[in-house]
Amino acid sequence: MENWLVVGSGGREYALAQTLAKVPNRQVYVAPGNVKMNQLPRVETVAIEEMAFPELAEFASQHDVQCTVVGPEQPLSAGIVDYFEKKNLPIFGPNKQAAQLESSKTFAKQMMQKSGVPTASYREFTDLTVALSYVHCQEPPLVIKADGLAAGKGVIIANSSQEAMAAVEKLTSTGSKKLLVEDYLQGEEFSLFAMVNGTTFVTMPIAQDHKRLADGDMGPNTGGMGAYSPVPHIDDRLKQEAVDQIIKPILQGMADADMPFNGFLYAGLINTASGIKVIEFNVRMGDPETQVVLPQLKSDLGELILQLKQGKQPEAEWQKGEFYLGTVVASRDYPRSVMNGRSLPVITDPDVEISYAGVEQQGDQIVSHGGRVLMVTAKAATLKAA
Ligand code: AMP
Ligand code: GLY
């Protein structure tokens, strides 16, 4: 048996564990995971929190873990990879320095500028009064962003200078020390994921996630209420453009700056009238995009990761001609608040796959625990049928 460790507890980690455990001679541990993961073959949860680096490293060492895969951004930004590598434990993810591509928007912007990667032009502010007078005399719409990790809640699109000023005040009053004001980009958004070792990488099929809470693109932004992949209107030519103009130069830029990137790179892109531009980078897989992307992988995910780590260029094989579409079942008041302890919906359709995220054991029942509770994913020959 070969042991792997996945860090995290949501739907993304559910899909990562499920995909890694497709290989019969592999045991996948998930820390802390969620109770439903234990129902997957060869998957077992371990009661260690995702930020408890010494305990995670101890577990990996004692279980002779082949490689640890990190799901969420918080442990990456806090240096879980540096911690493991100091102890010579194999792990797939960016170190703390490289994780700044997600944890600091100003770092990401500067790195993009240096590497010639197209993105919205921006100004950076640390002084409230200066920021207010700047947005006051700019032509709306304007995009106001807080600098640090904000779980998708640190971006406000202002359609008037009043809204822009209110946004600056709101983000400042909620503790943001640094703000970015950037140009509003218009176009189709899509996500491109790559598995990376330095400047060697493997890309995945394009995905789109549904960021707004409600149907018809209404309501507040969420972590993602659903996703689908592949995306028929982002064709191979556009994907190649994204690889050549974004993925390759940013990885080269990171390597040149002595911060080679490792792990999953998530490029949040937008196809504007003047070409593809970066909305943001994340240093991990997307949630819920992972749940619709990974089922398309015909190769073994673990083998791809190991080959990359050995400095090889792996060949990944992806399913063709099938579309995956998933929709999230969330707590009633998500994303404002959560209502735990609700019974889960009974889903009997044999043609859908369910990935569990916010669930826990309560007595002899499994109940909801968290904002996004589960995702139901269907696959079909057309996106519409899915
Ligand atoms: P982010 O947290 O940077 O991904 O931003 C969240 C969402 O805000 C994105 O998915 C976009 O829909 C929107 N957004 C962010 N930046 C811009 C921009 N410069 N122009 C237009 N929309 C943006
Ligand atoms: N679905 C968006 C994200 O994972 O950040």
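Here goes a summary of the coordinates provided.

Basis of the calculations
Residues numbered from 1 in each chain as written. Chains lettered and ligands numbered in written order. Predicted model: local features only at pLDDT ≥ 70, side-chain atom pairs only at ≥ 80, totals over all residues. Heavy atoms only, no water. Helix = DSSP H or I, 4+ residues; strand = E, 2+ residues; numbered from the N terminus. Rg over C-alpha atoms; globule rule 2.2 N^0.38 Å. Buried < 20%, exposed > 50% of the residue type's maximum accessible area, 1.4 Å probe, protein only. Contact = heavy atoms within 4.5 Å. Near = heavy atom within 4 Å. Polar contact = N/O pair within 3.5 Å; in protein donor to acceptor, adjacent residues only side chain to side chain. Nonpolar A, V, L, I, M, F, W, Y, C, P; charged D, E, K, R; others polar. Axes fitted to C-alpha atoms, helices over the stretch in contact; angles between N-to-C directions. Parallel < 35°, antiparallel > 145°, perpendicular 65-115°, else oblique. Areas by Shrake-Rupley, 256 points an atom, 1.4 Å probe, with all protein chains shown as cover. Pairing = 2+ DSSP bridges. Core = buried A, V, L, I, M, F, W, Y, C linked by side-chain atoms within 4.5 Å. Arc of directions from axis to C-beta. Salt bridge = Lys/Arg side-chain N within 4 Å of Asp/Glu carboxyl O. Phe/Tyr/Trp six-rings, centres within 6.5 Å; stacked < 30°, edge-to-face > 60°.

Helices and strands together make up the secondary structure of the protein, namely eleven helices and 22 strands. The C-alpha radius of gyration computed for the protein amounts to 21 Å, which stays within 12% of the reference 21 Å derived for 386 residues, consistent with globular compactness. In terms of principal-axis extent, the alpha carbons of the protein reach across some 60 × 45 × 45 Å. Counting across all 386 residues of the protein, residues that qualify as buried make up 54%. Here the analysis covers contacts within the protein between residues at least 6 apart in sequence; of these, 64% occur between residues at least 24 apart.

Before going further, it helps to examine the site of ligand 2. Around ligand 2 sit Asp209, Gly223, Tyr266, Asn282, Arg284, Gly286, Asp287, Pro288 and Glu289, and that is every residue in its neighbourhood. In this structure, Asp209 approaches ligand 2 through a side-chain N or O atom, which is 2.8 Å from a nitrogen atom. At 2.9 Å, a side-chain N or O of Glu289 approaches a nitrogen atom of ligand 2. When its residues are assigned to classes, the shell around ligand 2 shows two nonpolar, three polar and four charged.

Running from N to C, helix α6 (residues 105–115) and helix α9 (residues 236–256) cross one another at 105 degrees; their axes reach a closest spacing of 9 Å. When the axis of α6 is compared with that of α9, the two are roughly perpendicular. Between α6, through Phe107, Met111, Met112 and Ser115, and α9, the contact on the second element is made entirely by Pro249, Ile250, Gly253 and Met254.

Turning to the site of ligand 1, a few remarks are in order. Surrounding ligand 1, one finds 14 residues, the nearest of these being Glu182, Asp183, Leu185, Glu189 and Glu280. Contact between ligand 1 and Lys145: an oxygen atom at 3.1 Å from a side-chain N or O atom of the residue. In this structure, a nitrogen atom belonging to ligand 1 sits 2.7 Å away from a main-chain N or O atom of Leu185. Isolated, ligand 1 exposes 470 Å² of accessible area, and the fraction of that covered by the protein chains is 92%.

Moving on, we get to helix α11 (residues 301–309). Buried residues of α11: Leu301, Gly302, Leu304, Ile305, Leu306 and Leu308, and no others. Among the residues of α11, the N-terminal cap falls to Asp300, whose side-chain oxygen and the backbone nitrogen of Gly302 are separated by 3.0 Å. At the exit of α11 stands Gly311, carrying a positive phi of roughly 85 degrees.

Strand order in this open sheet of five strands is β12-β15-β18-β22-β19, and the pairing throughout is antiparallel. Edge strands, defined here as strands with exactly one partner in the open sheet, are β12 (208–209) and β19 (352–356). Judged from the eight bridges that link them, strand β18 (residues 323–330) and strand β22 (residues 372–380) form a sheet pairing that is antiparallel. Across the sheet, the residue bridging to Tyr324 is Lys379, located in β22.

Residues Ile80, Leu101, Leu265, Leu269 and Phe281 are the most contacted members of the largest nonpolar core, which totals 56 residues. When residues of this core are assigned to their parent elements, the largest contribution, eight residues, is made by α9. In this structure Leu101 touches Phe107, Ala108, Met111, Met254, Phe261, Leu265, Phe281 and Val283, once residues within four positions along its chain are discounted. Counting 39 residues, the second-largest nonpolar core is a separate cluster that includes Val6, Ala17, Ala21 and Val69.

A few words on helix α2 (residues 53–62). Looking at α2, one finds that the buried residues are Phe53, Leu56, Ala57, Phe59 and Ala60. One side of α2 holds all its buried residues, which, seen down the axis, span an arc of 160 degrees. Tucked into the core, α2 has its buried residues touching β1 (2–8), β2 (26–32), β4 (67–70), α3 (73–77) and α4 (80–86). Trailing α2 by a residue or two, Asp64 shows a phi angle of about 50 degrees, which is positive.

Our focus in this paragraph is the pattern of salt bridges. For side chains of opposite charge, pairing can occur when their charged atoms come near one another. Enumeration according to the criterion identifies 14 salt bridges in this entry. When the shortest N-O distance is used, the salt bridge between Arg336 and Asp333 registers 3.9 Å.

What follows deals with the packing of aromatic side chains. For the structure on display, the rule yields six aromatic pairs. Ring geometry for Tyr29 against Phe59: centres 5.1 Å apart, planes inclined by 75 degrees, an arrangement best described as edge-to-face. A residue pair is termed long-range when its members are at least 10 positions apart, and Tyr29 in strand β2 and Phe59 in helix α2 qualify at 30 residues. The burial state of Tyr29 is the same as that of Phe59; both residues are buried.

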